[in-house]
Amino acid sequence: SGSLYITGGTYRNVDGTFELVYNTGTSLLQIDSGAFEVGTINFQSQSAGTGTANGTIQLNGGTLSVGNLNSTSSSGTHRVLLNGGTVASRFNATWADRTNVTWELQNTTTFNIAHNVTLGEALSGTGGINKTSAGNFTLSGANSYTGLTLATTQRLDDALSLDAALGLQQIRHRVDGLTQSYI
């Protein structure tokens, strides 16, 4: 159990694993500014047994740069709360393809995806996505977020693979200063 607050500077362990919850307890990783750069974030590395495990990542600003986001246990409840800032990919990956991790867009958040990344969980909330960089970002969950999706790239289909119903209001695609909207 415990909390880690990033309020400036950089936490860097690009080849290592950050264990949000090791076995049982409640943990928080909150990024307000600065950068948190890690190879893997493991929401929960062992089954909680008779205890409970709850882990939260709260991105309010700054950058969360990660290769893998996963959980080796399906017990516990884990959340990723995105209230701005930037989520950046470090390599090709599938992020948090578990039913015990919820993702909520509380505000528009930038996804700097320079690799092929699949988000296996559903995105909910009133915030939106600003997808940047040349990588492919596949949203394969039953998404229900209602904010805008902005893809800044040469081709929309290369930027975002929309494999599930988004439930969003509008998609905007910007190329060379021109914006095309899709409803």
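Residues numbered from 1 in each chain as written. Predicted model: local features only at pLDDT ≥ 70, side-chain atom pairs only at ≥ 80, totals over all residues. Heavy atoms only, no water.

Draft legend 1. Representation of the overall build of the protein. If you tally the helices and strands in the protein, you get one helix and 17 strands. Within the protein, contacts between residues at least 6 apart in sequence are counted, and of these 48% link residues at least 24 apart. Carbon together with sulfur atoms contributes 44% to the accessible area of the protein, which is approximately 8,100 Å² in total. (Helix = DSSP H or I, 4+ residues; strand = E, 2+ residues; numbered from the N terminus. Contact = heavy atoms within 4.5 Å. Areas by Shrake-Rupley, 256 points an atom, 1.4 Å probe, with all protein chains shown as cover.)

Draft legend 2. Local environment of the packing of aromatic side chains. One pass over the structure, following the stated rule, counts six aromatic pairs. Taking 5.1 Å as the distance between ring centres and 80 degrees as the angle between the ring planes, the aromatic pair formed by Phe18 and Phe36 counts as edge-to-face. One end of the pair, Phe18, is in strand E1 (residues 2-21); the other, Phe36, is in strand E2 (residues 25-44), with 18 residues separating them in the sequence. Per residue, the accessibility class of Phe18 equals that of Phe36, and both read buried. Taken together, the ring pairs in this structure connect Trp95, Trp103, Phe111 and Phe137 into an aromatic cluster. (Phe/Tyr/Trp six-rings, centres within 6.5 Å; stacked < 30°, edge-to-face > 60°. Buried < 20%, exposed > 50% of the residue type's maximum accessible area, 1.4 Å probe, protein only.)

Draft legend 3. Spatial organisation of the pattern of salt bridges. With the rule as written, the count across this model stands at one salt bridge. In this structure, Arg12 engages Glu37 in a salt bridge whose closest nitrogen and oxygen atoms are separated by 2.6 Å. Highlighted residues: Arg12 in strand E1 and Glu37 in strand E2, separated in sequence by 25 residues. On the basis of relative accessible area, Glu37 is assigned to the buried category, the value being 15%. (Salt bridge = Lys/Arg side-chain N within 4 Å of Asp/Glu carboxyl O.)

Draft legend 4. Representation of unusual backbone geometry within the structure. A positive phi angle, near 80 degrees, is found at Ser133, a position not held by glycine. Structurally, Ser133 is set in the loop between strand E12 (129-132) and strand E13 (137-139). For Ser133, a relative accessible area of 28% corresponds to the partly exposed category.

Draft legend 5. Representation of the side chain of Thr149. Position of Thr149 relative to the elements: it lies in strand E14 (residues 149-152). A polar side-chain atom of Thr149 sits 2.6 Å from a polar atom in the side chain of Tyr145. (Polar contact = N/O pair within 3.5 Å; in protein donor to acceptor, adjacent residues only side chain to side chain.)

Draft legend 6. View of the pairing of strand E9 (residues 109-112). The pairing of strand E6 (residues 86-89) with E9 spans three bridges and is parallel. Residue pairing in the sheet places Thr86 in a bridge with Thr110 of E9. Here E9 pairs with E12 via four bridges, running parallel. Paired with Thr110 across the two strands is Asn130, which belongs to E12. (Pairing = 2+ DSSP bridges.)

Draft legend 7. Structural detail: the confidence of the model for the protein. Looking at the protein, pLDDT values average 79 and 75% of them are 70 or higher. Confidence drops under pLDDT 50 across residues 173-183; counting only partners more than four residues distant or on other chains, this segment forms 28 contacts. (pLDDT = per-residue confidence, 0-100.)

Draft legend 8. Region of interest: the pairing of strand E4 (residues 63-70). Inspection of the sheet shows E2 paired to E4 by seven bridges, in the parallel sense. Following the sheet pairing, Glu37 is matched in E4 by Ser65. Inspection of the sheet shows E4 paired to E6 by four bridges, in the parallel sense. The residue of E6 that forms the bridge with Val66 is Ser89.

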